[in-house]
Amino acid sequence: MPVPKRKMSRANTRARRSQWKAQVPALVKTVENGRTVYSLPHRAKVVEDSVGTPLFFEYKGRMVADA
């Protein structure tokens, strides 16, 4: 396994690490029952009744699991 020949300086180490940035999640805006809902794409969403009790998970208009 290769091993570095020289110690990497603190400045170079921090400069390399500074390039790793968190990505902002892409949210999808949908309107359900007059409410605007933001959700992650390609995820099952929770369908709730008017009180807010979770009923089931829905994906692409189909029920995929119970809540």
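Residues numbered from 1 in each chain as written. Predicted model: local features only at pLDDT ≥ 70, side-chain atom pairs only at ≥ 80, totals over all residues. Heavy atoms only, no water.

**Considering the pairing of strand β2 (residues 35-39)**
At step 1: Note: strand β1 (residues 28-32) against β2, five bridges, orientation antiparallel. Within the sheet, the bridge partner assigned to Thr 30 lies in β2 and is Val 37.
At step 2: The antiparallel hairpin formed by β1 and β2 contains two residues in its connecting segment, where Asn 33 sits at a positive phi of about 55°. (Pairing = 2+ DSSP bridges. Helix = DSSP H or I, 4+ residues; strand = E, 2+ residues; numbered from the N terminus.)

**Some points on the pairing of strand β3 (residues 45-48)**
At step 1: In this sheet, strand β4 (residues 54-59) lies alongside β3 in antiparallel orientation, the contact comprising four bridges. Bridged to Lys 45 within β4 is Glu 58.
At step 2: The antiparallel pairing of β3 with β4 creates a hairpin that spans five residues between the two strands, and Gly 52 there sits at a positive phi of about 110°.

**Re the sheet that holds β3**
Sheet strands associate in pairs through backbone hydrogen bonding, adopting either a parallel or an antiparallel arrangement.
At step 1: Spatially, β3-β4-β5 is the arrangement adopted by the three strands of the open sheet, whose pairing is antiparallel. Of all strands in the sheet, those bounded by a partner on one side alone are β3 and β5 (62-66). Pairwise comparison of adjacent strand axes, ignoring direction, gives a mean angle of 45° for this sheet.
At step 2: As paired strands, β4 and β5 are joined by four bridges and run antiparallel to one another. Opposite Phe 56, over in β5, you have Asp 66 as the bridge partner. (Axes fitted to C-alpha atoms, helices over the stretch in contact; angles between N-to-C directions.)

**A short note on a nonpolar patch on the surface**
At step 1: Where nonpolar side chains cluster on the molecular surface, the patch consists of Leu 27, Tyr 38 and Leu 40 and spans about 300 Å² of accessible area.
At step 2: Mapped onto the secondary structure, Leu 27 falls in the loop between α1 (10-17) and β1. (Patch = residues over 30% accessible without salt bridge, like charges linked within 9 Å, V, L, I, M, F, W, Y side chains within 5 Å. Areas by Shrake-Rupley, 256 points an atom, 1.4 Å probe, with all protein chains shown as cover. Salt bridge = Lys/Arg side-chain N within 4 Å of Asp/Glu carboxyl O.)

**A closer look at the environment of Ser 9**
At step 1: The residue Ser 9 is located in the segment before α1 in this model.
At step 2: Taking relative accessible area as the criterion, Ser 9 reaches 34% and is therefore assigned partly exposed.
At step 3: Sequence separation between Ser 9 and Ala 65 is 56 residues; the distance between their C-alpha atoms is 52 Å. (Buried < 20%, exposed > 50% of the residue type's maximum accessible area, 1.4 Å probe, protein only.)

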